[in-house]
Amino acid sequence: MPRNNQTEITEILLLGFQNLQNLRILLFISILIIYIISLAGNIVIITLISTLRRLHTPMYTFLGLLSSSEIISTTNIVPNMLVVIAADGSVMPFTACLSQFYIFSALTNTECFLLTMMSYDRYLAICHPLRYNSIMNSKLCLQLIIWSWVLGFTITLIILVNLLSTGNFCGPNTINHFFCDLAPILKLSCSDMSLIEIQALLFSVPVIIIPFIFIVGSYIFIAFTIMKITSTTGRKKTFSTCSSHLATVCTYYGTLISVYLVPSTENSPNVKVVSFLYVIVTPLLNPIVYSLRNQDIRSAITKSILKS
């Protein structure tokens, strides 16, 4: 029997999409194109926000950090995912697998908090416009940003430390997925991981459920405020200031809840499909949504193109 706290697995095998062997080349090219477009789109948003003074507002600061988080998150997964697809499965060190899980999970938590901060910003701007500048000042904005990142990484660190301190990873060393997530990693342990599963579920309350309820509540108040505006033009203009964020929230939380809060069997193809949407497609939609629906971003992109 392995001693407690001893890790016997030194590397793991990611199976990827074993049932899509005939579509491997098409899948590889599609993911590569999506990844490049996603990187380019998020880099453009970060560049515009950092260089244009009129975009130096809390809302766009949160958006820039969201784009930065998505760049790191996709880069953490997609390059190795392409190797998995090209080789029809790939071996990676177990430590690298744990690192991939930690970065992905921590950034997921951080993005949940950032989206919550963005909804709070829109709530103040629309429901309390006269008090907006005094409440959402640079000090509060910085504090919200720091706490979003600190809490996001700390929560995942607690799970990772408990995972390593209580688990004996003695096999099997095969993960039927295209990246290292918590549930597949727990399957590698020959110890009882029920406490870790309960802990992860409990942490989903402050990370996913409470922020989601807060966002929904914020938009209920925003909707009531918008309906009180007598001018149709005024209602459309006011709603346009938060429609991009609302679209991002719906996409992000829809896939997030489907992956982590909706029960599914271990080998269900739906797990990989929804995970694919969450990991690959959602980071692509963010720059597209903000480019197409946000007037300030569209204007900034148009001016940059004309200048060049």
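Just so we're clear, the structure is a prediction, and the values are computed from it rather than from any experiment. (Residues numbered from 1 in each chain as written. Predicted model: local features only at pLDDT ≥ 70, side-chain atom pairs only at ≥ 80, totals over all residues. Heavy atoms only, no water.)

## Quick look at the packing of helix α7 (residues 194-227) against helix α8 (residues 232-260)
- Taken N-terminus to C-terminus, the directions of α7 and α8 make an angle of 160 degrees; their axes are 11 Å apart at the nearest point. It follows that α7 is roughly antiparallel to α8 by the angle criterion. For the crossing formed where α7 meets α8, the hand is left-handed. On α8, the residues that touch Val207, Ile208, Pro211, Phe212, Ile215, Tyr219, Ile222, Ile226 and Met227 of α7 are Arg235, Thr238, Phe239, Cys242, His245, Leu246, Val249, Tyr253, Leu256 and Ile257.
- Considered class by class, the residues forming the contact of α7 with α8 number 16 nonpolar, two polar and one charged. (Axes fitted to C-alpha atoms, helices over the stretch in contact; angles between N-to-C directions. Helix = DSSP H or I, 4+ residues; strand = E, 2+ residues; numbered from the N terminus. Parallel < 35°, antiparallel > 145°, perpendicular 65-115°, else oblique. Left-handed = near helix turned anticlockwise from the far one by under 90°. Contact = heavy atoms within 4.5 Å. Nonpolar A, V, L, I, M, F, W, Y, C, P; charged D, E, K, R; others polar.)

## Digging into the pattern of salt bridges
- Across all of its chains, the model carries two salt bridges by this definition.
- Its salt-bridge partner being Arg122, residue Asp121 comes within 2.7 Å of it at the nearest N-O pair. The burial state of Asp121 is the same as that of Arg122; both residues are buried. (Salt bridge = Lys/Arg side-chain N within 4 Å of Asp/Glu carboxyl O. Buried < 20%, exposed > 50% of the residue type's maximum accessible area, 1.4 Å probe, protein only.)

## Overview of the side chain of Gln199
- As for its placement among the helices and strands, Gln199 is situated in helix α7.
- On the basis of relative accessible area, Gln199 is assigned to the buried category, the value being 18%.
- Gln199 has contacts with Ile158, Ile159 and Asn162, leaving out every residue within four places of it along the chain.

## Points about the pairing of strand β1 (residues 11-14)
- Covered by surrounding structure in β1 are Ile12 and Leu14 only, the residues Glu11 and Leu13 on the alternate face being uncovered.
- Bridge count for β1 against strand β2 (residues 90-93) is four bridges, and the pairing is antiparallel. Each residue of the ladder has a partner; that of Leu14, found in β2, is Ser90.
- Inspection of the sheet shows β1 paired to strand β3 (residues 174-175) by two bridges, in the parallel sense. (Pairing = 2+ DSSP bridges.)

## Some remarks on α8
- Taking 1.5 Å per residue as the helical rise, α8 with its 29 residues ought to reach 42 Å, and the 40 Å between its terminal C-alpha atoms agrees with that figure.
- At Cys242, α8 shows its largest kink, close to 40 degrees.
- Three or more residues of α8 are buried, namely Thr238, Cys242, Ser243, Ser244, His245, Thr248, Val249, Tyr252, Tyr253, Thr255, Leu256 and Val259. (Expected span 1.5 Å × (residues − 1). Bend = angle between axes of the 7 residues up to and from the residue.)

## A short note on the sheet that holds β1
- The three strands lie next to each other as β2-β1-β3, forming an open sheet whose pairing is mixed. Both outer strands of the open sheet, β2 and β3, are each paired with one neighbouring strand and no more.
- Its contacts with the sheet place helix α3 (residues 94-127) against β1, β2 and β3, and it is angled at close to 85 degrees to β2.

## Examining the state of the cysteines
- Per the counting criterion, the structure on display carries one disulfide.
- The disulfide that involves Cys97 links it to Cys180, with 2.1 Å between the sulfurs. Between Cys97 and Cys180 the sulfur-sulfur dihedral comes to about -120 degrees; the bridge is accordingly left-handed. Taken together, the positions of Cys97 in helix α3 and Cys180 in the loop between β3 and α6 (182-186) put the pair 83 residues apart, joining distant regions of the chain. No difference in accessibility class separates Cys97 from Cys180, as the two residues are buried. (Disulfide = S-S within 2.5 Å.)

## Thoughts on the UniProt feature "transmembrane region" (unreviewed entry) in the protein chain
- The UniProt entry lists residues 25-50, 99-120, 140-164, 201-226, 238-261 and 273-292 under the feature "transmembrane region" (unreviewed entry), expressed in the numbering used here.
- The span residues 25-50 shows a helical share of 100% and a strand share of 0%, and its end C-alpha atoms are spaced 37 Å apart.
- As annotated, residues 238-261 has a helix share of 96% and a strand share of 0%, and its two end C-alpha atoms lie 33 Å apart. (UniProt positions renumbered as here; feature names shortened; annotations may be inferred.)

## As for the environment of Ile158
- Assignment of secondary structure puts Ile158 in helix α5 (residues 138-166).
- The spatial distance from the C-alpha of Ile158 to the C-alpha of Ala200 is 9.8 Å, given a sequence separation of 42 residues.
- Apart from residues lying up to four places away in sequence, Ile158 is in contact with Gln199 and Phe203.

## A short note on helix α2 (residues 58-86)
- Compared with an ideal rise of 1.5 Å per residue, which puts 29 residues at 42 Å, α2 spans 42 Å between its outermost C-alpha atoms and is within 8% of the ideal.
- Of all the bends in α2, the largest measures some 30 degrees and sits at Thr75, one to four residues before the proline Pro79.
- Of all 29 residues in α2, 21 are buried; the element is thus mostly enclosed.
- Remark: Asp88 follows α2 within two positions and exhibits a positive phi of approximately 55 degrees.

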